[in-house]
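Structural overview for review
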Amino acid sequence: MPDIDPKLTHIDAAGAAHMVDVSEKDVTARIAVAEGSVTMRPETLELIVSGNAKKGDVIATARIAGIMAAKKTHELIPLCHPLALSKVTIDIEPDADLPGLRVKATTKVSGQTGVEMEALTACSVCCLTIYDMAKAVDRGMVVGDIRLLEKAGGKSGHWTSADDGTGGT
């Protein structure tokens, strides 16, 4: 894996924030995977899994929210490039050991810049939607552990969270 340049790419020589010029970068297939979780009371998890939440299907709604969020990342994160995403996948799995839901967002594009922020945004909004839909019965839910698991493509190549000792794939 190539060395990481220690300077911040979104800060110019004068210290001002700027959008990175990607016009000279190669178009490559890029992928990113992020994960997060929503911890809740066991009864709340059961309510969601059974499909009996008052607001409707929590998991289906959160999945759609995550996909929509990935597509709007450039509108939320000031210096992100707008990307024509080729795929967004949201996996939401109940985990009785949390107890709660584990969320994994995968984003793909053929382009000149990575899709890490799109995966992280999708995961975050998915988790927040789960919270919103179930808050009437469990305001103590905890959204957490949102992080990048993997990215591939571009000049820096393939990276996983296991590469830097943070765990993951």
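Residues numbered from 1 in each chain as written. Predicted model: local features only at pLDDT ≥ 70, side-chain atom pairs only at ≥ 80, totals over all residues. Heavy atoms only, no water.

So, about the overall build of the protein chain. Tallying secondary structure elements over the protein chain gives four helices and five strands in all. Per-residue burial over the protein chain gives 36% buried out of 169 residues. Taking the contacts inside the protein chain whose residues are at least 6 apart along the sequence as the reference set, 68% of them involve residues at least 24 apart. On the protein chain, roughly 9500 Å² of surface is accessible, and the fraction owed to carbon and sulfur atoms is 57%. (Helix = DSSP H or I, 4+ residues; strand = E, 2+ residues; numbered from the N terminus. Buried < 20%, exposed > 50% of the residue type's maximum accessible area, 1.4 Å probe, protein only. Contact = heavy atoms within 4.5 Å. Areas by Shrake-Rupley, 256 points an atom, 1.4 Å probe, with all protein chains shown as cover.)

This part covers helix 2 (residues 58-71). With 14 residues, helix 2 extends 20 Å from end C-alpha to end C-alpha; this agrees with the ideal 20 Å at 1.5 Å per step. Taken residue by residue, helix 2 has V58, I59, A62, A65, G66, A69 and A70 as its buried positions. Summarising the axial view, the buried residues of helix 2 lie within an arc of 135°, below the 170-degree limit, and thus occupy one face. Away from its buried face by more than 90 degrees, helix 2 exposes I64 and K71. (Expected span 1.5 Å × (residues − 1). Arc of directions from axis to C-beta.)

We now examine the pattern of salt bridges. Going through the model one piece at a time under the given rule, you end up with six salt bridges. The residue R147 makes a salt bridge to E35 at a minimum N-O spacing of 2.8 Å. Residue R147 is found in strand 4 (residues 142-152), and its partner E35 is found in strand 1 (residues 28-39); the two are separated by 112 residues along the sequence. Residue R147 is classed as partly exposed on the basis of its relative accessible area, which comes to 25%. Ionic pairing is found between K55 and D132, a salt bridge with its closest N-O pair at 3.7 Å. Residue K55 is located in the loop between helix 1 (42-50) and helix 2, and its partner D132 is located in helix 4 (residues 116-134); the two are separated by 77 residues in the primary sequence. (Salt bridge = Lys/Arg side-chain N within 4 Å of Asp/Glu carboxyl O.)

Those residues of helix 1 that fall on the buried side of the exposure criterion are T44, L45 and I48. On an axial view of helix 1, the arc spanned by its buried residues comes to 100°, and they lie on one face. In this structure, helix 1 carries P42 and E43 as exposed residues pointing more than 90 degrees from its buried face. Residues of helix 1 that are buried make contact with helix 2, strand 2 (87-95), strand 3 (100-111) and helix 4.

Once that is clear, we can look at the pairing of strand 1. Where strand 1 lies against strand 3, 12 bridges are found, and the strand directions are antiparallel. What sits directly across from A34, in strand 3, is A105. Of the strand pairs in this sheet, strand 1 and strand 4 are connected by eight bridges, and their pairing is antiparallel. Paired with A32 across the two strands is K151, which belongs to strand 4. (Pairing = 2+ DSSP bridges.)

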